[in-house]
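Summary of structural features
Given next are the chains, with one letter for each unit.
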Amino acid sequence: MMKTTLLATLLGSAAAFAPAQNAGSKATTALNAKKSAALPFLPYPENLTGYVGDDIGFDPLRISDYFPMDYLREAELKHSRICMLAITGYITVDLGYTVHPYGEGLSSAAAHNVLVEKGVMGNALVFIGLFEIVSYLGVAEMLQGSGRAPGDFGFGTFYLEGKTEEEIKKIKYQEIMNGRLAMMAFSGVATQSVLFDVGFPYIGAN
């Protein structure tokens, strides 16, 4: 009986130390895991694998662990394209080129309030809303496994004809990078022009 009790005690003691050894093993594995190229002190976000730009591995908040990557890439492409158009339009207006008569003689920053008062921005909101409703049909099908690539609406891709797979990947990567730059640029330009009442190139203060 005494021998049995002693044996049980020894086994229990050995088991008590097992978690510490496993934890050490996990810690070693984590240290040796693939690191993000953008943030080498953080592990690589695995869900970015296979997407354009996945080599950068920038996802410090690990958003890709909680939301579908197709949805995240769709949102990024949408905001990228909007901001590439927005920064171009913002600068064009501040250089004196306008399309709508209500905006004639106004800066981009000043035009907003005037166009809201005239109802132009309300009309724009309606058309944007309609586009969002229609475009989400494609997004919903994509999330259900239709095979649709994020951001692909089936038009405006003539420049990809005759290109190799590597060339297409490079072009898509350039769109992502230019889109990210445009998002930062539009934020900076809008802030500078409103806070300091300056036009292009949005440097200094009047």
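None of these values were measured; they are calculated from a predicted model.

Parameters and conventions
Residues numbered from 1 in each chain as written. Predicted model: local features only at pLDDT ≥ 70, side-chain atom pairs only at ≥ 80, totals over all residues. Heavy atoms only, no water. 1 Å grid on protein atoms, 1.4 Å probe; cavity = no way out; pocket = protein on both sides within 12 Å on 5 of 7 lines; lining within 4 Å. Points joined across faces, edges and corners; volume = space filled by probe spheres on them. Helix = DSSP H or I, 4+ residues; strand = E, 2+ residues; numbered from the N terminus. Nonpolar A, V, L, I, M, F, W, Y, C, P; charged D, E, K, R; others polar. Domains from an automatic or database assignment. Axes fitted to C-alpha atoms, helices over the stretch in contact; angles between N-to-C directions. Parallel < 35°, antiparallel > 145°, perpendicular 65-115°, else oblique. Left-handed = near helix turned anticlockwise from the far one by under 90°. Contact = heavy atoms within 4.5 Å. Expected span 1.5 Å × (residues − 1). Buried < 20%, exposed > 50% of the residue type's maximum accessible area, 1.4 Å probe, protein only. pLDDT = per-residue confidence, 0-100. Salt bridge = Lys/Arg side-chain N within 4 Å of Asp/Glu carboxyl O. UniProt positions renumbered as here; feature names shortened; annotations may be inferred. Phe/Tyr/Trp six-rings, centres within 6.5 Å; stacked < 30°, edge-to-face > 60°. Lys NZ or Arg CZ within 6 Å of the ring centre and 35° of its normal.

This part is about the layout of surface pockets. Taken as a whole, the second largest pocket spans an internal volume of roughly 480 Å³. Considering the residues around the second largest pocket, the lining is formed by 19 residues, among which L48, F58, D59, E76 and R180 are closest to the centre. Listing elements by their share of the lining of the second largest pocket, those giving two or more residues are α2 (69-94) and α5 (165-196). Here the lining of the second largest pocket gets 4 residues from one element, more than from any other, and that element is α2. In the lining of the second largest pocket, the residues fall into 11 nonpolar, 3 polar and 5 charged. When residues are assigned to domains, the lining of the second largest pocket turns out to be shared by domain 1 (35-66) and domain 2 (68-196), each giving three or more.

On to the packing of α2 against α5, then. In the contact formed by α2 and α5, the axes pass within 7 Å of each other and the chain directions differ by 50°. Classified by the angle between their axes, α2 and α5 sit oblique to one another. The element α2 and its partner α5 pack so that their crossing is left-handed. Between α2 and α5, the residues in contact are R73, E76, L77, H79, S80, R81, C83, M84, A86, I87 and Y90 and E175, I176, N178, G179, R180, A182, M183, A185, F186, V189, A190 and S193, respectively.

To continue, consider α2. Here α2 spans 37 Å end to end across 26 residues, near enough to the 38 Å set by a 1.5 Å rise per residue. All of the buried residues along α2 are M69, R73, E74, E76, L77, S80, C83, I87, Y90 and D94. Elements in contact with the buried residues of α2: α3 (108-117), α4 (120-143) and α5. A positive backbone phi angle near 105° is found at G96, which sits one or two residues after α2.

Here the focus is the confidence of the model for the chain. For the chain, per-residue confidence averages 82 on the pLDDT scale, and residues scoring 70 or more make up 83% of the total. Mean pLDDT across the elements of the chain ranges from a minimum in helix α1 (residues 2-32), with 45, to a maximum in α2, with 94. Predicted confidence for residues 1-30 stays below pLDDT 50, and this span has 1 contact to residues more than four positions away or in other chains.

Here the focus is the side chain of R73. Tracing the backbone through its elements, the reader meets R73 in helix α2. Here R73 is in contact with Y51, V52, P150, I176 and R180, once residues within four sequence places are set aside.

This paragraph deals with the pattern of salt bridges. Evaluation of the coordinates by the stated rule reveals 6 salt bridges. For R148, the salt bridge goes to E74, with nearest N and O atoms at 2.9 Å. Here R148, found in the loop between α4 and α5, pairs with E74, found in helix α2; they are 74 residues apart in sequence, far enough to count as distant. E74 shares its class with R148; the two are buried. In this structure, E132 engages K78 in a salt bridge whose closest nitrogen and oxygen atoms are separated by 3.0 Å. On the criterion of sequence distance, the pair formed by E132 in helix α4 and K78 in helix α2 is long-range, its members being 54 residues apart. One connected set of salt bridges, linked through shared partners, spans R73, E76 and R180.

This part takes up the UniProt feature "binding site: chlorophyll b" (unreviewed entry) in the chain. As recorded in UniProt, the sites labelled "binding site: chlorophyll b" (unreviewed entry) are R81 and E141. You can see R81 is positioned in helix α2. With relative accessibility at 28%, the residue R81 sits in the partly exposed group. Not counting the four nearest positions on each side in its chain, R81 is found in contact with G151, F153 and E175. Within the element layout of this structure, E141 appears in helix α4.

Another point: the packing of aromatic side chains. The full count for this structure, using the stated rule, is 4 aromatic pairs. On the basis of an interplanar angle of 90° and a centroid distance of 6.0 Å, the ring pair of F200 and Y202 is categorised as edge-to-face. Classification of F200 by relative accessible area gives partly exposed; the value is 46%. Taking relative accessible area as the criterion, Y202 reaches 5% and is therefore assigned buried. Joined through ring pairs, the aromatic side chains of Y90, F186, F200 and Y202 make up one cluster. Above the ring of F153, the side-chain terminus of R148 is found at 4.9 Å from the ring centroid.

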